[in-house]
Amino acid sequence: MSERKATLNIEGQGPVDFPIMSPTHGNDCIDIRTLGGKTGLFTYDSGFLSTASCKSKITFIDGDKGELLYRGYPIEQLAENCNFLEVAYLLKNGELPNASQKTAFEDTIKNHTMVHEQLAKFFSGFRRDAHPMAVMVGVVGALSAFYHEAMDFSDAEHRSISFNRIIAKMPTIVAMAYKYTTGQPFMYPRNDLDYTANFMHMMFGTPCETYKPNPVLVRALDIIFTLHADHEQNASTSTVRLAGSSGANPFACISAGIACLWGPAHGGANEACLQMLEEIGDVSRVGEYIARAKDKNDSFKLMGFGHRVYKNFDPRAKLMRQVCNDVLKELGLENDRLFKLAMELEKIALEDPYFVEKKLYPNVDFYSGIVQKALGIPTSMFTCIFALARTVGWMTQWEEMITDPEYKIGRPRQLYIGAAKRDVAPLASRK
Ligand code: SDX
C-alpha cells in the first residue's frame, strides 16, 4: 500500500492524519477506521456513495470505462470463451480451471443437483400464485435445516461443500418454483445434461417426453448466467456480507440476498422493464414515457436505465443485446415488437440531453427481460434467474468475508436526529 496520507483539519481540534490505501485498480481509499477514536466524529454516507465496505479480490468495475472484470478477466472474454461453471470455478478459486479441473468441478456439481425430498413439501405451503421470489426466499433459507453435518464454516471443506450444494441446487429450486406456479410436476435433474441444459430441462421438460435442449438457446442462457454472476458490492451482495458477518449460515445469507435482489431498483428491474415496455406498447408513446422519466414530480423511472457505478455503458448490456439478437434470430422473432421498441427507446433516450447529462445508460436489466421472454421464461421468473446466477457471486463474497483476517461483525453507526433526551410524564398529565 502507498505511504500517502489524508490530513483532516477540524475546527477546535488539531490536524489528524489518515493513511491512504491504493488498490490494484480503482479509487484510492482513506482508511478512516480510527476516525471515531481519534476525533469522536463519524462519517455520514447514506447509500454508501463514497464508502468502500471491504477489501476484495473478486470483481472490479470501472464505471467510467464501462469495464467489468471477474478475477481480472474482462467480462467480454469470459462470456465468449467460457461457460458459466468455468466462471463459477474462477470466481470461487481465483483462477480458471484447466480441462481436468473443469471436468471434476462439473461432475461434483452434477452430484449435488437433487434436493431432499422433504424440501419439495415446502412448496405446497404456498399458494400457486405466490411470486416465485417469495418462494425462493423461503425455500433457500430452509436449506440450512438439511445440512447439520457441514456447518462449521471455519472449516474450508464445509465452506466448499456448502458452495457446491447451493450452486448445484439453485437451478433445481428455481425450476421447482416455476413448475409449482404451473401445476406441472417437478422435474428431477438429469446428469447426462450440462448445467444450463439441465436447468432448461427442469424448467420446460415434462415426464411425458424427453426434453431436447436447443444448443443455441442453452448457450444464450449460459451467457446470461455469466453476465449476472457477480458485481462487487451491490445491494444484495452487501446484504449477504452483512448477514454473514454475524456468523449466520450461508443458506440463510443467500436467502437474505434473494430478498434484497427482489426490489425493482435492483434485480427486480428486468421484470419491471418488461412490464414498462408492455405498458409503453408502441414507439409512438416513447416520448410520453421519456418525459415522465424526466419529470421531477413523477416517480416514474425508465426501468433498465441508470446505474450507481456505470456512468458509461454497462458492458453487460452490450453483451445482453447481442444475446437477445441471437436468440430472436434463432427463434425467427427478429421482428419482435418489444425488442424493436426497446432498441428505439434506447436510441431516443441516449440522444436526450437529460439522460446524457445524468449519464443514464441501459444496464444489464434492459435487454435481459426481452431475451428471457423469448426463451419462454415468464416475467415473474426473471429475478429468480438473476438470483440463480448471482448465487455464485454471493457465495464467493461470503467466503471472502469470513476468511478475511480483518473480518468482524458489520455494525454501522448513525446520525441521530430524533427527540432530545426527555423524562416520561405520568399518564394523567399527558395531553
Ligand atoms: C442492478 O449495484 C449494482 O451493481 C446492481 C446491478 C448488479 O449487477 O448487482 O448492476 C443490478 O440493480 C442494475 C440496476 C437496475 N435498476 C433499474 O434499472 C431501475 C432504474 N434505475 C434507477 O432506479 C437508478 O438508476 C439506480 C437505482 C439503478 C441507481 O440509482 P442511484 O445511483 O442512486 O442514482 P439516482 O437514483 O440518485 O439517480 C441519479 C439521478 C436522479 O436524478 P436527480 O435526483 O439527480 O435529479 O438520475 C435520475 C434520478 O432521478 N435517474 C433516472 C433513472 N435513474 C436515475 N431518471 C430516469 N430514469 C432512470 N432509470
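The protein carries the name Citrate synthase in an unreviewed UniProt entry, which gives Azospira oryzae as its organism. Listed in UniProt under the heading Sequence similarities (unreviewed entry), the comment for the protein reads: "Belongs to the citrate synthase family." Quoted verbatim from the Pathway (unreviewed entry) heading of the UniProt record, the comment on the protein is "Carbohydrate metabolism; tricarboxylic acid cycle; isocitrate from oxaloacetate: step 1/2."

Here's the deal with the side chain of Glu399
Along the chain, Glu399 falls in helix H18 (residues 382-402). At 2.7 Å, the side chain of Glu399 forms a polar contact with the side chain of Arg159. Leaving out residues up to four positions away in the same chain, Glu399 has contacts with Lys92 and Arg159.

Thoughts on the sheet that holds strand E2 (residues 16-21)
Spatial ordering of the open sheet is given by E1-E2-E3, a layout of 3 strands whose pairing is antiparallel. The sheet is open, and its two edges are formed by strand E1 (5-8) and strand E3 (29-30), each paired on a single side. Bridging between E1 and E2 involves 4 bridges; their strand directions are antiparallel. From the neighbouring strand, Lys5 faces E2, where its bridge partner is Pro19.

Looking at the domain arrangement of the protein
Considered domain by domain, the protein is made up of domain 1 (5-62), domain 2 (67-266 + 379-402) and domain 3 (280-375). Its C-alpha centre places domain 2 at a distance of 27 Å from the equivalent point of domain 3. In this assembly, 22 residues from domain 2 lie in contact with 19 residues from domain 3. Summing the contributions of domain 2 and of domain 3, the shared interface buries around 1,800 Å²; its carbon and sulfur component is 73%. Looking at the side of domain 2 facing domain 3, the largest losses of area belong to Leu217, Leu227 and Phe382, adding up to 29% of the total buried there. Where domain 2 packs against domain 3, one counts 3 residue pairs in polar contact (both at pLDDT 80 or more). Breaking the side of domain 2 that touches domain 3 down by element, the ones donating at least two residues are strand E5 (67-70), helix H2 (75-81), helix H9 (215-227) and H18. Counting residues per element, the side of domain 2 that touches domain 3 draws most heavily on H9, which supplies 7 residues.

With respect to the environment of Ser429
Within the element layout of this structure, Ser429 appears in the segment after H18. The partly exposed category is assigned to Ser429, whose relative accessible area is 42%. A C-alpha to C-alpha distance of 61 Å links Ser429 and His116, two positions 313 residues apart in sequence. A distance of 2.8 Å separates the side chain of Ser429 from the backbone oxygen of Pro426, its partner in a polar contact.

Some points on the sheet that holds strand E6 (residues 73-74)
Taken in spatial order, the 3 strands line up as E4-E5-E6 in an open sheet, and their pairing is antiparallel. If you trace the sheet from one side to the other, it starts and ends with strand E4 (59-62) and E6, each paired once. Here E5 runs beside E6; their pairing, made up of 2 bridges, is antiparallel. Bridging across to E6, Leu69 finds its partner in Pro74.

Some thoughts on the site of the ligand
Contacts to the ligand come from 24 residues, most closely from His231, Lys296, Leu302, His307 and Arg316. Leu302 is positioned with one of its backbone polar atoms (N or O) 2.8 Å from a nitrogen atom of the ligand. Here Tyr354 contributes a side-chain N or O atom positioned 3.2 Å from a nitrogen atom of the ligand. In the complex, 77% of the free accessible area of the ligand, which totals 1,100 Å², lies under the protein chains. Grouping the constituent residues of the shell around the ligand by class yields 10 nonpolar, 7 polar and 7 charged. The residues that make up the shell around the ligand include at least three from each of domain 2 (67-266 + 379-402) and domain 3 (280-375).

Re the side chain of Arg165
Along the chain, Arg165 falls in helix H7 (residues 156-182). The class for Arg165 is buried, based on a relative accessible area of 10%.

A closer look at the UniProt feature "active site" (unreviewed entry) in the protein
Per the UniProt record, "active site" (unreviewed entry) is found at His307 and Asp365. Their sequence span is 59 residues, while the largest C-alpha to C-alpha distance among them is just 10.5 Å; these annotated residues converge on one region. A relative accessible area of 22% means that His307 is categorised as partly exposed. Residues contacting His307, with those up to four places away along its chain left out, are His231, Asp314, Arg316 and Asn363. Of note is the side chain of His307, whose polar atom sits 3.2 Å from the backbone nitrogen of Tyr310. Note on placement: Asp365 falls in helix H17 (residues 365-374).

Details of the pairing of E4
Regular strands place their side chains on alternate faces of the sheet. Side-chain alternation along E4 places Thr59 and Ile61 on one buried face and Phe60 and Asp62 on a second face that is also buried. With 4 bridges connecting them, E4 and E5 associate as antiparallel partners. Within E5, the position partnered with Thr59 by the bridge is Tyr70.

Things to note about the layout of surface pockets
Roughly 250 Å³ of internal volume is contained in the second largest pocket. Along the walls of the second largest pocket sit 19 residues, with Leu85, Glu106, Asp194, Tyr195 and Thr196 positioned nearest its centre. Breaking the lining of the second largest pocket down by element, the ones donating at least two residues are helix H4 (99-110), H7, helix H8 (195-204) and H9. Looking at which element gives the most residues to the lining of the second largest pocket, the answer is H4, with 5 residues. Grouping the constituent residues of the lining of the second largest pocket by class yields 8 nonpolar, 5 polar and 6 charged.

Some thoughts on unusual backbone geometry
Non-glycine residue Phe48 carries a positive phi angle of around 55°. Position of Phe48 relative to the elements: it lies in the loop between helix H1 (35-39) and E4. Taking relative accessible area as the criterion, Phe48 reaches 55% and is therefore assigned exposed.

Thresholds, definitions, all that
- Residues numbered from 1 in each chain as written.
- Predicted model: local features only at pLDDT ≥ 70, side-chain atom pairs only at ≥ 80, totals over all residues.
- Heavy atoms only, no water.
- UniProt positions renumbered as here; feature names shortened; annotations may be inferred.
- Helix = DSSP H or I, 4+ residues; strand = E, 2+ residues; numbered from the N terminus.
- Polar contact = N/O pair within 3.5 Å; in protein donor to acceptor, adjacent residues only side chain to side chain.
- Contact = heavy atoms within 4.5 Å.
- Pairing = 2+ DSSP bridges.
- Domains from an automatic or database assignment.
- Buried area = accessible area lost by both parts, 1.4 Å probe.
- Buried < 20%, exposed > 50% of the residue type's maximum accessible area, 1.4 Å probe, protein only.
- Near = heavy atom within 4 Å.
- Areas by Shrake-Rupley, 256 points an atom, 1.4 Å probe, with all protein chains shown as cover.
- Nonpolar A, V, L, I, M, F, W, Y, C, P; charged D, E, K, R; others polar.
- 1 Å grid on protein atoms, 1.4 Å probe; cavity = no way out; pocket = protein on both sides within 12 Å on 5 of 7 lines; lining within 4 Å.
- Points joined across faces, edges and corners; volume = space filled by probe spheres on them.

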